[in-house]
Amino acid sequence: MNGSVRHLLGIEDLPARDIVQFLDTAEVFFGVSTRRVRKVPTLRGKTVINLFFEASTRTRTSFEIAGKRLSADVVNISVSTSSVSKGETLLDTVKNLEAMHPDVIVVRHSASGAPHFIARHTRAGVVNAGDGLHEHPTQALLDAFTIRRAKGHLADLVVTISGDIAHSRVARSNALLLTRLGAKVRVCAPRTLLPADMEQYGVEVYDSLGPAVEGADVVMMLRIQHERLTEALIPSTREYARTFGLNRAMLARAKPDAIVMHPGPMNRGVEIDADVADGPRSVILDQVEAGVAVRMAVLYLLAAEAGQSPLA
Amino acid sequence: MRPRAAGVYRRAMTTATTQAARVVMDGSAVADALGRVAREIAARHPDGDALALVGVRRGGIPLAARLHGLLIDAGRAGVLVGTVDITLYRDDAATALPNPQIGRSEIPFEVEGRVVILVDDVLYTGRTTRAAIDAVMDYGRPRAIELAVLVDRGHRELPIQADYVGLRVETSRRERVEVRVDPGDASHAVVEVLGPAENTHSHGA
């Protein structure tokens, strides 16, 4: 990092060298979670604030465990208990947190760019834990980490990402990261859930799952949210499952050693069949395990930088 | 200034030509010292099955490997070997810049109940050893932890001492002790003391 990374706001501006640095550092922390004492004293006396304006039990928990395994003090602030519901502006919230001298602020917000705004108004390092339809960089890092552990490398792998591409910050961050590290990325969705400008990310676009899965090394399924039904973007979950669901027969079109991924939470029987999700090629729980190691690496690399430089 | 032993691996680029350097151990002296340390360990621990050597990254790793070989030759067949990286346990970890070059600790055995001998190249302030002790403890509760070093150069800042010492060297704090080991063969090693570049004739206390 050479002291250059103060925030992790997205994959878009992250050079391949820094991505690899995060992944390599995460390898070290992966081992910590399997020891008798699953904790290192590294960030003793540092404070991490999880500032979640959107509900997310699993991402928040993953960051919380990561911070605690580094011996940082972790505080969770969620929208339902914060003064945002009393009308406080985002800037006031940040100024109040800033006065408590946090070292890292982990932000999830429904508005794209909210973490960038916060980063401009705090000395703390800021981690984007998902902003609107924009990015979810730690998810992309943990997915890359999981793929690299399973396959040994990322370059030249064929990775198929299927689901609600138009509304998925996970798909966007993954497409950016995986193409940057030399993987061949295919995205797949019904036409109604495909953004028009997807080719700009250097990915191949499919509107049918079979050809998209053909010969793939990695098949990553994304959650279909039920509000897409009310928006009439998909006809029915049964129809979606029939044409875009990953079942055993569909998976047979991928490489014999292909792995199956899903960032969760899953809709079993919609985008993925239960016997595939629980099958021998599923690495879905490995992704959860990798999440803690990757977030430890991110907090470690950002925390020591934090508070050292003045406000921009 | 002095001949370099053939096959010696340089651990760091040095500007030895502009620094006062004295070789305190050549290849055969290092081999003799490691042989003596191995005999002392074997004498103190008749049961190799309860013993593990853990090299402190990075200087201790080739020395632990060499001692491991010597102990097996001495009939301590069950002795195990591992490595420990102390980056996450440094006492300045939370205030120093992050070190992106953290290495992995590899302790692929049960520490519980075993005698762990930490192996390092140079014992100086003792801070590295303190960190290594804490790191090993997080893998389990060893029966005992001992310390073997190739060089003890003094200037301790913590109450720590070595159980096995290859060589004690008088140094000043301004000097630097460098151990260069051929990773393929730790008997090809040389230990030298480098003076500060601006003061070429300062040799220790």
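Note: the structure precedes this text.
Thresholds, definitions, all that
Residues numbered from 1 in each chain as written. Chains lettered and ligands numbered in written order. Predicted model: local features only at pLDDT ≥ 70, side-chain atom pairs only at ≥ 80, totals over all residues. Heavy atoms only, no water. Helix = DSSP H or I, 4+ residues; strand = E, 2+ residues; numbered from the N terminus. Buried < 20%, exposed > 50% of the residue type's maximum accessible area, 1.4 Å probe, protein only. Contact = heavy atoms within 4.5 Å. Areas by Shrake-Rupley, 256 points an atom, 1.4 Å probe, with all protein chains shown as cover. Phe/Tyr/Trp six-rings, centres within 6.5 Å; stacked < 30°, edge-to-face > 60°. Lys NZ or Arg CZ within 6 Å of the ring centre and 35° of its normal. Pairing = 2+ DSSP bridges. Axes fitted to C-alpha atoms, helices over the stretch in contact; angles between N-to-C directions. Salt bridge = Lys/Arg side-chain N within 4 Å of Asp/Glu carboxyl O. Expected span 1.5 Å × (residues − 1). Parallel < 35°, antiparallel > 145°, perpendicular 65-115°, else oblique. Left-handed = near helix turned anticlockwise from the far one by under 90°. Nonpolar A, V, L, I, M, F, W, Y, C, P; charged D, E, K, R; others polar. Right-handed = clockwise from strand over helix to strand, strands pointing away. Polar contact = N/O pair within 3.5 Å; in protein donor to acceptor, adjacent residues only side chain to side chain.

Q: Can you walk me through the overall build of chain B in this structure?
A: Helix and strand content of chain B: three helices and eight strands. Each helix (α) and strand (β) of chain B, taken in turn from the N terminus, gives the series β-α-β-α-β-β-α-β-β-β-β. The buried share of chain B, reckoned over its 205 residues, is 52%. Of the contacts made within chain B by residues no fewer than 6 positions apart, 72% connect residues no fewer than 24 positions apart. On chain B, roughly 9,600 Å² of surface is accessible, and the fraction owed to carbon and sulfur atoms is 50%.

Q: Before we go on, may I ask you to explain the packing of aromatic side chains in this structure?
A: Taken as a whole and assessed by the stated rule, the structure comprises three aromatic pairs over all chains. Between the aromatic rings of Y240 of chain A and F244 of chain A, the centroid separation amounts to 5.5 Å while the plane-to-plane angle is 20 degrees, which identifies the pairing as stacked. On the criterion of helical spacing, the pair formed by Y240 of chain A and F244 of chain A is a turn pair, its members being four residues apart in helix α9 (residues 237-244). Classification of F244 of chain A by relative accessible area gives buried; the value is 7%. We note R35 of chain A situated over the ring of Y139 of chain B; from NZ or CZ to the ring centre the distance is 4.9 Å. Its end group placed over the ring of Y124 of chain B, R153 of chain B keeps NZ or CZ at 3.9 Å from the ring centre.

Q: Would you take a moment to explain the sheet that holds strand β9 (residues 259-261) of chain A for this structure?
A: Two pairing modes exist for strands in a sheet, parallel and antiparallel, and in both the strands are linked by backbone hydrogen bonds. Residues and elements named next belong to chain A. If you walk across this open sheet you meet the five strands as β7-β6-β5-β8-β9, and the pairing is parallel. For this open sheet the edge positions go to β7 (204-206) and β9, each flanked by a neighbour on one side alone. For this sheet, the mean inter-axis angle between neighbouring strands, taken without regard to orientation, is 20 degrees. Sheet topology note: the strand β5 (residues 158-162)/strand β6 (residues 184-188) ladder contains five bridges and is parallel. Within β6, the position partnered with V158 by the bridge is K184. With respect to the sheet, helix α5 (residues 137-151) is in contact with β8 (218-221) and β9, its orientation differing from that of β9 by roughly 165 degrees. In the packing of helix α6 (residues 169-180) onto the sheet, contacts are made with β5, β6 and β8, and the angle to β5 comes to roughly 170 degrees.

Q: Teacher, can you tell me more about the pattern of salt bridges here?
A: Opposite charge on two side chains lets them pair, provided their charged atoms get close. By the definition in use, this model includes 35 salt bridges over all chains. As a salt-bridge pair, E64 of chain A and K68 of chain A come within 2.9 Å of each other at their nearest N and O atoms. Pair noted here: E64 of chain A and K68 of chain A are both in helix α2 (residues 57-69), with a separation of four residues, about one helical turn. On the basis of relative accessibility, which here comes to 16%, the residue E64 of chain A falls in the buried class. Put simply, D91 of chain B and R127 of chain B hold a salt bridge, and the shortest N to O gap is 2.8 Å. Within this pair, whereas D91 of chain B is found in the loop between β3 (80-84) and β4 (115-123), its partner R127 of chain B is found in helix α3 (residues 127-137), the two being separated by 36 residues in sequence. Judged by relative accessible area, which is 47%, D91 of chain B ranks as partly exposed.

Q: Mind showing me how you'd approach α5 of chain A here?
A: Every α-helix winds through 3.6 residues per turn, so residues three or four apart in the chain are directed the same way. Residue and element names in this part refer to chain A. Across its 15 residues, α5 extends 21 Å between first and last C-alpha, which sits within 8% of the 21 Å expected from 1.5 Å per residue. Among the 15 residues in α5, 13 count as buried, and that is most of the element. Positioned one or two residues after α5, G152 has a phi angle of 85 degrees, which is positive.

Q: Please explain the packing of helix α1 (residues 16-32) of chain A against α5 of chain A as it appears in this structure.
A: Packed helices, taken two at a time, are described by their axes: the angle between them and the distance between them. Residue and element names in this part refer to chain A. The N-to-C vectors of α1 and α5 enclose an angle of 70 degrees; their axes lie 10 Å apart at closest approach. The orientation of α1 with respect to α5, classified from their angle, is roughly perpendicular. The element α1 and its partner α5 pack so that their crossing is right-handed. Between α1 and α5, the residues in contact are I19, V20, F22, L23, D24, A26, E27 and F30 and L141, A144, F145, R148 and R149, respectively. Looking at the contact of α1 with α5, its residues break down into nine nonpolar, no polar and four charged.

Q: How do you make sense of α6 of chain A when you look at a structure like this?
A: Residue and element names in this part refer to chain A. Here α6 spans 17 Å end to end across twelve residues, near enough to the 16 Å set by a 1.5 Å rise per residue. All of the buried residues along α6 are R169, V170, A171, R172, S173, N174, A175, L176, L177 and L178. Taken from the residues just after α6, G182 is the one with a positive phi, measuring 95 degrees.

Q: Quick question: what am I supposed to make of the pairing of β3 of chain B here?
A: Regular strands have side chains that alternate between both faces of the sheet. Residues and elements named next belong to chain B. For strand β2 (residues 51-56) and β3, the ladder comprises five bridges, and the chain directions are parallel. Pairing of V56 across the sheet is with V84, part of β3. Note that the unit made of β2, helix α2 (residues 60-73) and β3 has a crossover that is right-handed.

Q: Mind showing me how you'd approach the sheet that holds strand β4 (residues 125-131) of chain A here?
A: Residue and element names in this part refer to chain A. The sheet built from four strands is open, its strands ordered β2-β1-β3-β4 with parallel pairing. Unpaired on one side and paired on the other, β2 (73-78) and β4 mark the two borders of the sheet. The mean inter-strand angle of the sheet, taken between neighbouring strand axes irrespective of direction, is 15 degrees.

Q: Help me out: how do you make sense of the side chain of E192 of chain B in this one?
A: Topologically, E192 of chain B is positioned in strand β8 (residues 185-194). Polar side-chain contacts of E192 of chain B include one of 2.8 Å to the side chain of R180 of chain B.

Q: Would you mind going over unusual backbone geometry with me for this structure?
A: A negative phi angle characterises most non-glycine residues, just as the trans form characterises most peptide bonds. Of the consecutive residues G264 of chain A and P265 of chain A, the connecting peptide bond is found in the cis state with omega at -10 degrees. Structurally, the position occupied by P265 of chain A is in the loop between β9 and α11 (274-277). Cis geometry marks the peptide bond from R57 of chain B to R58 of chain B, where omega comes out at -5 degrees. Locating R58 of chain B in the fold gives a position in the loop between β2 and α2. Despite not being glycine, S71 of chain A shows a phi value in the positive range, around 70 degrees. Along the polypeptide, S71 of chain A turns up in the loop between α2 and β2. Note on S71 of chain A: relative accessible area 15%, which makes it buried. With phi around 60 degrees, A232 of chain A is a residue other than glycine that occupies positive phi space. Locating A232 of chain A in the fold gives a position in the loop between α8 (227-230) and α9. A relative accessible area of 60% means that A232 of chain A is categorised as exposed.

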